[in-house]
Amino acid sequence: MAEIDESQAQREAIEVDRSKGDFKYEENYAFDAGVGLTPATIDYIAKVKGEEGWIREFRQKSLKIFQDQPMPTHWATADLENIKFEDIRYYLSKGQKPVRTWEEVPDDVKKTFERLGIPESERKFLAGVEAQFDSEAVYSRMKEELEKLGVIFCGPTEGLRDHPEIFRKWFGKVIPAGDNKFAALNSAVFSGGSFIYIPKGVKVAQPLQAYFRINAENFGQFERTLIIADEGSEVTYMEGCTAPKFETATLHSAVVELVALKGAKIQYITVQNWSANVFNLVTKRGVAEEDAEVRWIDCNIGSRLTMKYPGVVLRGKRARGEVLSIALANDGQHQDTGAKMIHAADDTTSNIIAKSISVGEGRSTYRGLVHIPKTLSNCRNNTECDALLINEHSRTDTYPAISVRGRKNSVQHEASVSKVSAEQIFYMMQRGLSEGEAMSLAVNGFVNDLVKEFPMEYSVELKRLIELQMEGSVG
Amino acid sequence: MPDSLVIKNLNASIGDRPILKDFSLTVPKGEVHAIMGPNGTGKSTLSKVLAGHPDYTVQSGEAFIDGEQIIGLEPDVIARAGLFLAFQYPSEIPGVTIANFIRAAIVARQAKGAPFDAKAYYNELYAKMDALKMDRKFTSRFVNEGFSGGEKKRCEILQLMMLKPKYAVLDETDSGLDIDALRIVSEGVNAMRGPDTGFLVITHYQRLLDYIVPDRVHIMWDGRIVHSGGKELALELEEKGYDWVKQDLAKA
Ligand SMILES: Nc1ncnc2c1ncn2[C@@H]1O[C@H](COP(=O)(O)OP(=O)(O)OP(=O)(O)O)[C@@H](O)[C@H]1O
Ligand SMILES: [Mg+2]
C-alpha cells in the first residue's frame, strides 16, 4: 500500500480534489479478464455482466472493427504506437454492485474516494454521484426527489437491464462503433460510466457527478456514458478522473454520447487530471435537436497523451453548440485536443473557445472542425484558440479545419500565440511571488475569462490544479 | 551597518560588457537619496542587479539590506527581504487584475496558510488609490495592460504603498507623469517617508526633487558614483549639465 502524506490529506472545503490522485490500494479482484484482447475477453466481460443478444453481438462486431482499423498515426502522434494492447487488462472488478450508502462501500475503496473528497462534495453541492473504481461503479446515489420525477442515473449495465427501450434507442447512435479506432475499442469492452435520462421538462438544478478512478496497473478503463435530455429538460453532468503514478502506461478510452431533444440543455464538464503515463483517448459527441443546447466544458491537465475533440451535431433549427476547453501540457505531456461543430439545420450557432498552455517540454495541439454546408442559411460559428507558451522548449500547433459554404452563413476565427516572458516573471517575482506562483498567476490570468464561465466549485479546483502543476514545473 | 541599504564595490556586467564598476553607496533608513546621471551610465542596471535580475552577472562586490547579504539570492527572496523596485518600464500581466496581483504579493509575504483579511485589504487599497487619485475601476483592470505611461507609474507607487518595503528604488518614476500626477505621486512617496523606510530615487530632472526633497544627491557616471552632495547638487547639475562633471573627472 502506498504511503499517504498526511499534510496532503488535509482538505479544504468543497473541493473535489483530483490533485491527490497519487496513491493506490492493494489489488484483489474477483473478476479479471486477464491480459490481452480476444473474442474470449469480450465473452468474459459479457458473461460477468449477464449480457445476452444484441449487445454481445455489438461488442464482438466492434472488436472486429477495432482490429481492422489502423492506428491513426497518419495524422496523430506516433506515440500511439507505444500502447501495448496485448499487455493491457481489459476488465477488473471486485464483483461489487453499486451501493447507495458510503458505509456499504468496501473500506479501501471508500478511503480512496474520501481522500479525493467525493462524499463531502456530494453533501455540499451535488444532486447525484457515481463513483467508479477500475471497471465498475462502487457507489451510485441520487437525491430521492429526482428519482420521483423519473430521472434515471445509473451505469450502462443497469441502463440496459432496467430501461432497455430507452437504452437501445440511443446507444451507439451518436457515436457508432466505426467512428474511430478507439470508439470501436470502447464499444467492444465498455464497462462502467453513466446512463442518464432526464424526463420532459425536468430541470435538474444541481450537477450530477461521476468520478472515475484507475487503481490497477496495466489496466484499461473503458467507461461509456449516454445522457438523454428529453424535451425542455436541463442537466449538468461533471466527471473527474485520477490514477496513481504507475511505472507502465495505462489506457483510458471512453465514449460519451449526449442527446439533447427539442429545447433541452446539457452541460458536460470534465476536469481530467490523469497521472503522467495514462493514454487518454476519448470520443465525445452530442446531438442537439431544435432549440436545444449542448455545451462541453473540457479541462485537461494530466495524462501522457490526451486525444479528445468534443463535438456537437446541430441537427435541429436554432440549436446551439459550445466547446470551452483548457489544456495544460507539462513536461512529457501532449494535449491533443479540439472541437467539432457539425451544422445540419438552419439558424444554428456554435462557439469554440480553446486555450492551451505549454510548459517546459510540453506540447499542445488544437484540432478544430467546423462544417456548415451551403444548403443551410443563417448559421454562425465563432472559433477562438489561444496558446500560451511558458518557455522556449514548449510547443503548440493549430489545425483549424473550417468548411463553411453558402453566403448566408458566417464564421469568425481568431487565433493567438503568446509567451510568458522572462521579464514578466521577473516583475512578478520582484513583488515577492516565487517563480511557481508567478507562472501560475500568469496561467490563471490567461484562462481567467474562460474559467468565469465554469461553476464556482470547478473554477476553484481548476485554479488549484494549475498552481500544483506550475509549482511542480520549476526546478 | 544594520539599518541601511549598503552597496559595496559592486561589479556587474551584461554579457561580457561591464556596466557597474566598483559601485558603492549607502542609504540609511529614513533617508532619501537621489541618483542622477546621463543615459546609459547604469542606473537601471544598478536597480536590477540589486533586485536579483537573472540577466546580469555580478563579478564581485556585495549588497546588504539591514545587514543581510542579498547578492545571489532569488528575486522573490530579495523582494520579501524588503527591497521594492518601481520599474522604469513595468511589465504587463494580461488577465491578472491589479487587486489580485497586489493580493498575491501580500499573501506571498504571509506565513503559509495564514488567513487573509479581504475586507481590511480592500479598505486599504481603496484608501491608497484615493490618495493617488486613481479611479477605483483600476482594481479590476489587468496589471499595466493598456495603461498610459503615467498610469503605469502610478500603479507602481500604489504597489509600493501597499507592500511597504524597507527600501524602495524608484527608477525614473517621474518620466511620463504630467505635472499634477508628479505632485500626487510625490505626495504618496512623501507620506511613506519615515524612520522605517529608505529611498533611492533615480531621476534625470531636478523637478521631481522639488517635491521629493532628497537628503543626498549622487551623480553616477560610467558605472559608479563620481560626485555626492546635498540637494543643491541637483540644482547645480541642472544649471551646468554633465559637461561640468566630465571636466571635473578629467581634472581628477
Ligand atoms: N539586457 C541588456 N542587453 C544589452 N545591453 C544592456 C542590457 N541592459 C542594459 N544594457 C546596456 O547597459 C548600459 C546601461 O544601461 P542602463 O539601462 O542601466 O542605463 P541607465 O543609466 O538606466 O540609462 P537611462 O537613463 O537611459 O535609463 C546601456 O548601455 C545599455 O544599453
Ligand atoms: Mg534607466
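The sections below set out a description of the structure shown in this document. (Residues numbered from 1 in each chain as written. Chains lettered and ligands numbered in written order. Predicted model: local features only at pLDDT ≥ 70, side-chain atom pairs only at ≥ 80, totals over all residues. Heavy atoms only, no water.)

A few points about the packing of aromatic side chains
Right, on to step 1. Taken as a whole, this structure holds 24 aromatic pairs over all chains when the rule is applied.
Right, on to step 2. Ring plane angle 35 degrees and centroid distance 4.9 Å describe the contact between Tyr237 of chain A and Tyr268 of chain A, whose orientation is recorded as tilted. Of this pair, Tyr237 of chain A sits in strand S10 (residues 234-242) while Tyr268 of chain A sits in strand S13 (residues 265-272); the two residues are 31 residues apart in sequence, bridging distant segments of the chain. This pair shows no difference in class: Tyr237 of chain A is buried, exactly as Tyr268 of chain A is.
Right, on to step 3. Measuring from ring centre to ring centre gives 5.1 Å for Tyr121 of chain B and Tyr122 of chain B, while their planes differ by 75 degrees; the resulting arrangement is edge-to-face.
Right, on to step 4. The lysine or arginine in question, Arg224 of chain A, covers the ring of Phe190 of chain A, its NZ or CZ lying 5.8 Å from the ring centre.
Right, on to step 5. Of note, Lys355 of chain A hangs over the ring of Phe446 of chain A, and the distance from its end group to the ring centre comes to 4.9 Å. (Phe/Tyr/Trp six-rings, centres within 6.5 Å; stacked < 30°, edge-to-face > 60°. Helix = DSSP H or I, 4+ residues; strand = E, 2+ residues; numbered from the N terminus. Buried < 20%, exposed > 50% of the residue type's maximum accessible area, 1.4 Å probe, protein only. Lys NZ or Arg CZ within 6 Å of the ring centre and 35° of its normal.)

Here's the deal with helix H12 (residues 456-473) of chain A
Right, on to step 1. The terminal C-alpha atoms of H12 of chain A lie 26 Å apart, and with 18 residues this matches the ideal 26 Å at 1.5 Å per residue to within 8%.
Right, on to step 2. Within H12 of chain A, the full set of buried residues consists of Glu457, Tyr458, Ser459, Glu461, Leu462, Leu465, Ile466, Gln469 and Met470 of chain A. (Expected span 1.5 Å × (residues − 1).)

Structural notes on the interface of chain A and chain B
Interfaces are frequently sized by the accessible area removed from exposure as the parts join.
Right, on to step 1. Tallying the contact residues gives 16 residues for chain A and 33 residues for chain B.
Right, on to step 2. Summing both partners gives a buried area of about 2,000 Å² for chain A against chain B, and 63% of it is carried by carbon and sulfur.
Right, on to step 3. Interface area lost by chain A to chain B is led by Phe426, Tyr427 and Arg431 of chain A, which between them contribute 39%.
Right, on to step 4. For the interface between chain A and chain B, the tally reads 1 salt bridge.
Right, on to step 5. The residue Glu156 of chain B makes a salt bridge to Arg431 of chain A at a minimum N-O spacing of 2.6 Å.
Right, on to step 6. Only helix H10 (422-430) and helix H11 (435-451) of chain A provide two or more residues apiece to the side of chain A that touches chain B. (Contact = heavy atoms within 4.5 Å. Buried area = accessible area lost by both parts, 1.4 Å probe. Salt bridge = Lys/Arg side-chain N within 4 Å of Asp/Glu carboxyl O.)

Here we look at empty space enclosed by the protein
The probe, sized like a water molecule, is rolled over the atoms to show the empty space still left.
All names here are of chain A.
Right, on to step 1. A full pass over the atoms with the stated rule returns 3 cavities of 30 Å³ or more.
Right, on to step 2. Those elements giving two or more residues to the lining of the largest cavity turn out to be S10, S13 and strand S14 (278-288).
Right, on to step 3. Considering each element in turn, the lining of the largest cavity owes the most residues, 3 residues, to S14.
Right, on to step 4. Here the lining of the largest cavity is built from residues that sort into 4 nonpolar, 4 polar and 4 charged. (1 Å grid on protein atoms, 1.4 Å probe; cavity = no way out; pocket = protein on both sides within 12 Å on 5 of 7 lines; lining within 4 Å. Points joined across faces, edges and corners; volume = space filled by probe spheres on them. Nonpolar A, V, L, I, M, F, W, Y, C, P; charged D, E, K, R; others polar.)

Considering the environment of Val420 of chain A
All names here are of chain A.
Right, on to step 1. Residue placement: Val420 occurs in the loop between strand S24 (410-419) and H10.
Right, on to step 2. Judged by relative accessible area, Val420 falls into the buried class, the value being 9%.
Right, on to step 3. Sequence separation of Val420 and Ile45 is 375 residues, and the distance between their C-alpha atoms is 49 Å.
Right, on to step 4. Contacts of Val420, omitting those with residues within four sequence positions, involve Leu388, Leu389, Ile390, Ile425 and Ala442.

Some remarks on the coordination of the magnesium ion (ligand 2)
Residues and elements named next belong to chain B.
Right, on to step 1. All of the protein donors around the magnesium ion (ligand 2) are Ser44 (OG) and Gln88 (OE1); their distances to the metal are 2.0 to 2.3 Å. Here Ser44 is found in helix H1 (residues 43-51), whereas its partner Gln88 is found in the loop between strand S6 (83-86) and helix H3 (98-109), with 44 residues between them in sequence.
Right, on to step 2. Of the residues examined, Gln88 reaches a relative accessible area of 15% and is grouped as buried. (Donors = N, O, S within 2.8 Å, 3.2 Å for Na, K, Ca; no water.)

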